[in-house]
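Each chain, written out:
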Amino acid sequence: MTIPDQERIADQQPLAIRESRVGRTLLARVIRRVPPEGWAMLAVAGAVVIANLLYVVGVFDANPLGPRSGLLSAMTPGPAPGVPTLDLNDGFISQAVSHRAMLDWLHLQVPWWNPYEATGTPLAGEMASATFFPPTLFTLLSGGQLYERMLLELLAGLSTFLLLRRLSVNRMVAVAAAIAFELNGSFAWFAHAPINPIAFLPLLLLGLESCYSASLDRRRGGWWLVAVAGALSVYAGFPETAYIDTLLAAGWVMWRGGCLGRRRLRPFVAKVAAGAIVGTLLAAPLLLALVNYLGNADLGIHGGVVGSLSIPPRGLSMLVMPYVFGPIFAYNDPAGVASDLWKSVGGYLSASLVLFALLGLWSRRRRGLKLILLGWVVLSIARIYDEPHLLGQVLGVLPEMSRVAFYRYAFPSLELAVVILAALGLDDVVSQSRSRGRVAFAAALTLVLVVVAIYGAIPLDHQLGSGHSLYARVSAIWAVSLVAIGAAASLVRRSTRRTLLTTLLVTVDAIALFIVPQLSVPRVKLDLAPVAYLQRHLGDQRFFTMGPIRPNYGTYFGLAELDATDLPLPSSFAHYVNGRLDPYTDPLVFVGNNYSGRPSTAPSTQDELLANLANFRDAGVAYVLTPPGQTLPEGPSGFQRVFRSPSTWIYHLAGAAPYFSASNPSCAVSPRGREYVQLSCPSPTLLLRRETDFAGWSAEIDGHPRDVRQADGLFQVVNVPAGLHRVTFSYVPPGENWGLAVFIAACGWLIGSAVI
């Protein structure tokens, strides 16, 4: 290096040092300007990203399109056995149907009706597709459901954090508890509509705290958050979860009401009532659509049987050791007990939360709140597991509880109650060193619960596959270790270390349990050639599948599919299925294969297809899809194979009825889509439209209203006079004009109150 070069470098070094110092100064200023609460909320958000990082960076694909649609040309199992979610409706409903609803909004059309499922079904009134729920817009994106779930997890965490801070809980403790709730068992195990309302339970409780504070300070308002959280809980699309969450909120109202004197109790009740009323009015359009649908729908066991169901007591082992029987649906016994357990559960707790929740019960503060939360925990567990029986029936006397699958969808409220108790316990631990006796007693009691869970799992453990034993041992070691470490951390003398260790323990426990199902995600290769073929050839007719393009993925791709799996479904379609198409299938799971709960002695679905071929034709079925190798009898008047791919064989069915037809064969029928047809007839005729007749459908002939009647027990028919006419059809649930007016009035009430 020459001397001039050395001098030039020497001249540059002070400038670089100065720039580095300036950068550090700016960073320090930014850090100082962000308040501690802001950093805490960033930590809550960061935990969501960390817990979903395997999805975010592309190690695993959270998109259910491949595994659920049946359009696979190749699949590689994930590192762990089992499946990543408890319910297939993350694909069949939350992806397929919700995606269609968002496409309707994108085309400036209110998604009241779905013409691509069965012979047409109400869309908004079905609820689970969450058609009016803003986060559902993410389903327009490939893999957008992941970002929707992450948003809901973040909302749940931030709401829990703000709620706990309102209760004066230590900041770091509130962060750990918020992370525990945003990564709770229901979020970990579900990926469809039941998780949508979870985020609004802590938000609703925060709204009740605002009502309480406003009443205490003799201020106006304070109730708007109750209205918004309540309305969003309904729009989230799963009324069972929302209803159960409301019961916990009612207990919270009782506690806060008891904290007020008589003079301030009345304003508090008035604020809560105003929030509840405005929230209901805000949700009026969707509630009216739901009520209209339920009055004409097949609800299956939700018609009154589901409320009496419960999880067998052996399922209690999974409450504190979620993977004691392995990953989701990974292992099963000859009697199918493990599979039945997975079909029933809806979430879990963890050993660390149980330990600190027990310590929370002994904290000196918030005694009324602790009693309410403890009561909810006891009643919920008793009803979920029906043990003891009499205590489990206490909640069963509430209105409509016979229609609610409490055993499956009460877990979010149970998890939040335990999280809040654990936050109170942690807050007590970090604020002052707990006595060794209380910590030892809580740890011993938690260990007893863990040991009982291990002992209760042993009979089923022996019947599961050999690969399961590793998960059972790791689950037991993990639970015992967490209790021991948590007890030891609670006794650390230095407050900062005690706070860091205990909160870190809860955080790590939540993240670790949340990640386990992600290891079961398979790698798939999609085969979309069958979709492209049908999009070119199907037109306005329907296809029936016995495998590929599973229900309701015809809806996803904009292809009319006779199969359907949904709850509810129009009762007329359910009767048509059992009376005309397949008497051995469950019409709510009309999926075109032999795994739809049909008796083992019943004819196969293919046998029923061939036996009732005329009725399938009459429903407009022009194509039938089978897995590769499954043949159908070919002939000039029957099937003709027209397409083959690695996932699908497609057969054309000759003689399928058109979507529109006239009783007078001399009529010229010119369809212009599914809701508009041009008809030219020399004499009056009946126009048959092969779409489900349902309350809310109307027709116009050249702009003049005409009655729509039912034909053949399912379809629509309209009287059309002679001549050239334009006939249009439209669907709006009855009373929606009033629903819109009520919604606008509620918005005005909400905004006006805020301004005042």
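Everything in this summary refers to the structure shown in the same document. (Residues numbered from 1 in each chain as written. Predicted model: local features only at pLDDT ≥ 70, side-chain atom pairs only at ≥ 80, totals over all residues. Heavy atoms only, no water.)

### Examining unusual backbone geometry
Negative phi characterises most residues that are not glycine, and trans characterises most peptide bonds.
Next up, step 1: Residue Pro388 is reached from Glu387 by a cis peptide bond, and omega for that bond is -15°.
Next up, step 2: Between Leu567 and the following residue, Pro568, the backbone shows a cis peptide bond with an omega angle of 0°.
Next up, step 3: Along the chain, the position of Pro568 falls in the loop between β7 (564-565) and β8 (569-570).
Next up, step 4: Positive phi, close to 50°, is recorded for Ala130, a residue that is not glycine.
Next up, step 5: In this structure, Ala130 sits in the loop between β3 (121-122) and α7 (144-166).
Next up, step 6: Positioned with a positive phi, Ser168 is a non-glycine residue whose angle comes to about 65°.
Next up, step 7: You can see Ser168 is positioned in the loop between α7 and α8 (171-182).
Next up, step 8: Residue class for Ser168 comes out partly exposed when judged on its relative accessible area of 48%. (Helix = DSSP H or I, 4+ residues; strand = E, 2+ residues; numbered from the N terminus. Buried < 20%, exposed > 50% of the residue type's maximum accessible area, 1.4 Å probe, protein only.)

### Comments concerning the state of the cysteines
Next up, step 1: A full pass over the atoms with the stated rule returns 1 disulfide.
Next up, step 2: For Cys667, the disulfide goes to Cys681, at an S-S distance of 1.9 Å. Since a negative S-S torsion denotes a left-handed disulfide, the Cys667-Cys681 link at about 125° is right-handed. Within this pair, whereas Cys667 is found in the loop between β13 (660-662) and β14 (668-671), its partner Cys681 is found in strand β15 (residues 676-681), the two being separated by 14 residues in sequence.
Next up, step 3: You can call Cys667 buried: its relative accessible area is 12%.
Next up, step 4: Of all cysteine sulfurs, the one in Cys259 lies closest to Cys211, which takes part in no disulfide; the gap is 14 Å. (Disulfide = S-S within 2.5 Å.)

### Section: the pairing of strand β12 (residues 649-653)
Next up, step 1: A large share of β12 lies buried, amounting to 4 of its 5 residues.
Next up, step 2: Pairing geometry for strand β10 (residues 621-626) and β12, over 4 bridges, is antiparallel. Bridging across to β12, Leu625 finds its partner in Ile650.
Next up, step 3: Counting the residues between successive antiparallel strands, the hairpin from strand β11 (residues 639-644) to β12 contains 4 residues. (Pairing = 2+ DSSP bridges.)

### Considerations on the sheet that holds β10
Next up, step 1: With mixed pairing, 4 strands are arranged side by side in an open sheet as β6-β10-β12-β11. The open sheet has two edge strands with one neighbour each: β6 (542-545) and β11. Taking the axes of each pair of neighbouring strands and ignoring which way they run, one obtains an average angle of 30° across the sheet. (Axes fitted to C-alpha atoms, helices over the stretch in contact; angles between N-to-C directions.)

### Examining the pattern of salt bridges
Next up, step 1: This model, assessed by the stated rule, comprises 9 salt bridges.
Next up, step 2: Between Glu37 and Arg171 there is a salt bridge, with its nearest N and O atoms 2.7 Å apart. In this pair, Glu37 sits in helix α2 (residues 36-51) while Arg171 sits in helix α8, placing the two residues 134 residues apart along the sequence.
Next up, step 3: By relative accessible area, Glu37 is classed as partly exposed at 24%.
Next up, step 4: The class for Arg171 is partly exposed, based on a relative accessible area of 31%.
Next up, step 5: For the salt bridge of Arg68 with Asp90, the shortest nitrogen-to-oxygen distance reads 2.8 Å. Here Asp90 lies in helix α5 (residues 89-92) and Arg68 lies in helix α4 (residues 65-69), a separation of 22 residues in the sequence. The residues Arg68 and Asp90 share a single accessibility class, namely buried.
Next up, step 6: One network of salt bridges, with partners in common, ties together Glu37, Arg165 and Arg171. (Salt bridge = Lys/Arg side-chain N within 4 Å of Asp/Glu carboxyl O.)

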